[in-house]
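# Architecture and fold: a report
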Amino acid sequence: MFKSLVFKEWLKIRWVFTGLAILNFLVVMNIYFDLLNTFKVYSANVVVGQFQAYEIVFYSNIEYILLFTGLILGVFQLFPEINQTRLKLTFHLPVKENKLMFQMVSVGVLLLITIFLFDAALLSIICIKFLPREFFESMLITTLPWYVGGICTYIWLVTIFIEPNWVKRTISILVAVGIISLFYAGDGFGKYAFSAWYFVLLTGFCSSIIFLSAYNFKRGIC
Amino acid sequence: MGNVVEIKNLTHYYGKKLVFENLSFNIREGSIFGLLGKNGTGKTTTINILNGFLRPKSGKCLMFGEDSYNLSPTTKARVGFLIEGHIQYSYMNIKQIEKFYSAFYPRWKKEPYYELMSKLAVTEDQKLSKMSCGQRSQVALGLILAQDPDLLILDDYSMGLDAGYRRLFIDYLTEYAKAENKTIFITSHIIQDLENFLDECVILDYRSVLCTMPIKDFLANFKQFRFESSIPDLKLEKDDVIKNSEVIKNKAAIYTFAKKEEVESHLVSKGINFTNLHQEAMSLEDAFIGITGKY
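Residues numbered from 1 in each chain as written. Chains lettered and ligands numbered in written order. Predicted model: local features only at pLDDT ≥ 70, side-chain atom pairs only at ≥ 80, totals over all residues.

## Quick look at the overall build of chain B
To keep it simple, the criterion reads: Secondary structure follows DSSP: runs of H or I at least 4 residues long count as helices, runs of E at least 2 residues long count as strands, and numbering of each begins at the N terminus. Whether a residue is buried, exposed or partly exposed is read from the other C-beta atoms within 10 Å of its own C-beta, which are placed from the backbone; 20 or more gives buried, 12 or fewer gives exposed, and intermediate counts give partly exposed. Here the contact rule is simple: place C-beta atoms from the backbone, and any two residues whose C-beta atoms are within 7 Å are in contact.
When helices and strands are tallied, chain B shows 9 helices and 14 strands. Relative to its full complement of 295 residues, chain B shows a buried share of 40%. Of all intrachain contacts in chain B linking residues separated by at least 6 positions in sequence, the fraction that spans at least 24 positions is 68%.

What follows is the structure, encoded as structure tokens:
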């Protein structure tokens with residue numbers, strides 16, 4: 001049954017997934033060519049020195065692309081379900097509603113992780129190729145909250161979409177904006193070194209709210 | 001035969017607005033049961049409660065003996081559900097949607113689905129979003145038939161369908177229900193289509209139930225009497241005998257479960273003079289309008 005649900009979700013979002021994967025690839029390539037150009041114009045010592053002295057995050061272009069990726073994937077996955085209360089069809093399937101919801105969200109999260117791992121791998125290669133190892137480690141710590149922020153954005157979008165009550169939906173939007181802004185609050189050179197993993201825990205906690213919205217949806221649609 | 005659905009004293013509000021109060025009826029196994037009522041009387045609300053998509057304020061709703069709000073997957077697999085407007089996954093094509101659903105239902109039979117699809121001028125890779133409303137209704141019906149459920153819940157199957165597709169829908173359902181002893185619970189705005197289809201019905205009014213009975217009894221016992229009166233501005237109030245009435249100038253129509261003699265004596269007791277009191281034959285739609293009123 002899970003395979004069939006994956007099939008349904010894939011049919012729904014394959015094109016937007018492909019588009020987002022291409023967009024992410026182009027942004028990473030843009031970062032690569034910018035860096036390549038910088039190293040052509042200036043000597044390696046100068047570039048590395050400048051990066052260290054001014055804490056330049058040369059990969060910052062990817063920051064809001066990750067948020068955008070989570071947002072758009074969520075919209076394209078959930079809008080068809082909410083439009084004309086099509087989620088009723090899904091909830092009528094002979095599977096427990098929470099399990100269905102978990103499986104649907106898992107598909108979205110797995111697709112996001114696929115894109116983000118691809119980004120992370122390309123950025124790592126770029127970092128290792130051009131810069132000392134400390135830049136690579138700093139890049140991982142700096143970008144981790146951005147990747148997790150993309151997933152958290154997706155999770156909040158699902159929560160907001162399936163919540164049937166407009167008051168609760170508005171509160172969810174405000175809470176979501178507050179929480180997601182934390183993930184993108186600082187872009188400096190490993191600023192989250194001691195707290196990066198807390199964002200993962202925070203996202204895990206936020207995921208549980210989806211089930212509350214699913215419960216509200218089931219209890220109160222008309 | 002037992003009851004597939006049992007609704008007991010169901011009451012529901014939206015905010016402070018009462019939708020219905022103490023709604024009770026049972027649906028027998030193998031019967032075709034109609035939920036009739038004008039817009040806003042709570043038909044879709046009842047169906048949402050029955051499918052577990054709405055928690056009622058009070059009362060009980062049992063499907064195959066289970067509380068409808070907490071249906072087990074096994075029971076859900078026994079229920080085919082047509083959402084108002086024939087809603088389906090419109091981004092799938094004919095083949096994909098059959099493949100998707102088949103994984104969930106152990107009794108899945110694809111033959112009735114593809115038999116129905118072969119009658120439509122569509123290709124297997126045509127998306128539902130590119131189909132007409134009538135074609136989508138046949139896809140939705142075909143999927144329900146392939147699921148081979150014991151109970152079919154059809155919420156306003158006639159929405160957006162022309163006469164041909166409505167007839168096709170009912171013909172298929174009739175053949176299927178009778179051959180396989182299926183139970184059907186149906187709502188529709190096109191009452192005339194249901195006349196020879198339903199076994200029993202419940203007729204809802206705003207906030208209350210007007211009647212619950214076998215359709216044959218309803219058609220046999222609910223009558224329309226017409227008469228003329230010389231009373232200017234004649235007004236007929238609803239009571240135990242007069243369920244509804246219409247007055248245009250000096251001509252009146254009474255809708256009632258009473259016999260002609262009872263109507264005569266009732267009018268006399270109310271001081272209403274009348275001439276030419278006679279019964280007029282009614283179709284199910286006439287009777288429905290008679291009992292619910294035109295407004």
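## What about the interface of chain A and chain B?
Rules: Gly falls in the polar group here, along with every residue not listed as nonpolar (Ala, Val, Leu, Ile, Met, Phe, Trp, Tyr, Cys, Pro) or charged (Asp, Glu, Lys, Arg).
Each side of the interface is counted separately: chain A has 22 residues, and chain B has 25 residues. Per element, the largest residue contribution to the side of chain A that touches chain B is 6 residues, and it comes from helix 1 (residues 2-41) of chain A. Broken down by class, the residue content of the side of chain A that touches chain B amounts to 10 nonpolar, 4 polar and 8 charged.

## Some thoughts on the sheet that holds strand 10 (residues 208-214) of chain B
All names here are of chain B. Put simply, the test is: Strand pairing is assigned whenever DSSP identifies at least 2 bridges connecting the two strands. Where helices are involved, their axes are fitted lines through C-alpha atoms of the stretch in contact, as for all axes, and angles between N-to-C directions lie from 0 to 180°.
Spatially, the 6 strands line up as an open sheet ordered 6-7-8-3-9-10, and their pairing is mixed. Among the strands making up the open sheet, the edge pair consists of strand 6 (79-82) and strand 10. Across the sheet, the axes of successive neighbouring strands diverge by a mean angle of 10 degrees, strand direction being ignored. When strand 9 (residues 200-205) meets strand 10, the two strands line up antiparallel, connected through 6 bridges. When the bridges of strand 10 are listed, valine 202 appears paired with threonine 212. Strands in contact with helix 9 (residues 284-292) are strand 3 (32-37), strand 9 and strand 10; relative to strand 9, the strand with the most contacts, it is inclined by about 35 degrees.

## Some points on the domain arrangement of chain B
Residues and elements named next belong to chain B. To keep things clear, this is the line we draw: Domain segmentation is taken from an automatic or database assignment of domains.
Domain annotation for chain B reports domain 1 (3-216) and domain 2 (222-292). A straight line from the C-alpha centre of domain 1 to that of domain 2 covers 35 Å. Taken together, the contact between domain 1 and domain 2 spans 10 residues of the former and 6 residues of the latter. Listed by contribution, the elements that provide at least two residues to the side of domain 1 that touches domain 2 are strand 9 and strand 10. Taken together, the residues that form the side of domain 1 that touches domain 2 break down as 6 nonpolar, 1 polar and 3 charged.

## Focus: the nonpolar core
Keep this limit in mind: The nonpolar core criterion groups buried Ala, Val, Leu, Ile, Met, Phe, Trp, Tyr and Cys residues into a set whenever they are joined through C-beta atoms within 7 Å.
Among the nonpolar cores identified, the biggest contains 74 residues, and B:Leu82, B:Ile97, B:Leu143, B:Ile153, B:Ile184, B:Phe185 and B:Cys201 are the most heavily contacted of them. Looking at this core element by element, the count peaks at 7 residues for helix 5 (residues 133-147) of chain B. Here B:Ile184 is in contact with B:Ile32, B:Phe33, B:Leu152, B:Leu154, B:Leu173 and B:Ala177, once residues within four sequence places are set aside. In terms of nonpolar packing, the next biggest core, distinct from the first, is built from 51 residues, A:Leu73, A:Leu131, A:Ile151 and A:Ala214 among them.

## Points about the environment of B:Asp205
Residues and elements named next belong to chain B. Counting through the fold element by element, aspartate 205 comes out in strand 9. Residue class for aspartate 205 comes out partly exposed when judged on the 16 C-beta atoms lying within 10 Å of it. Along the backbone, aspartate 205 and phenylalanine 20 are 185 residues apart, and their C-alpha atoms lie at a distance of 8.4 Å. Here aspartate 205 is in contact with Gly37, Thr41, Leu210 and Thr292, once residues within four sequence places are set aside.

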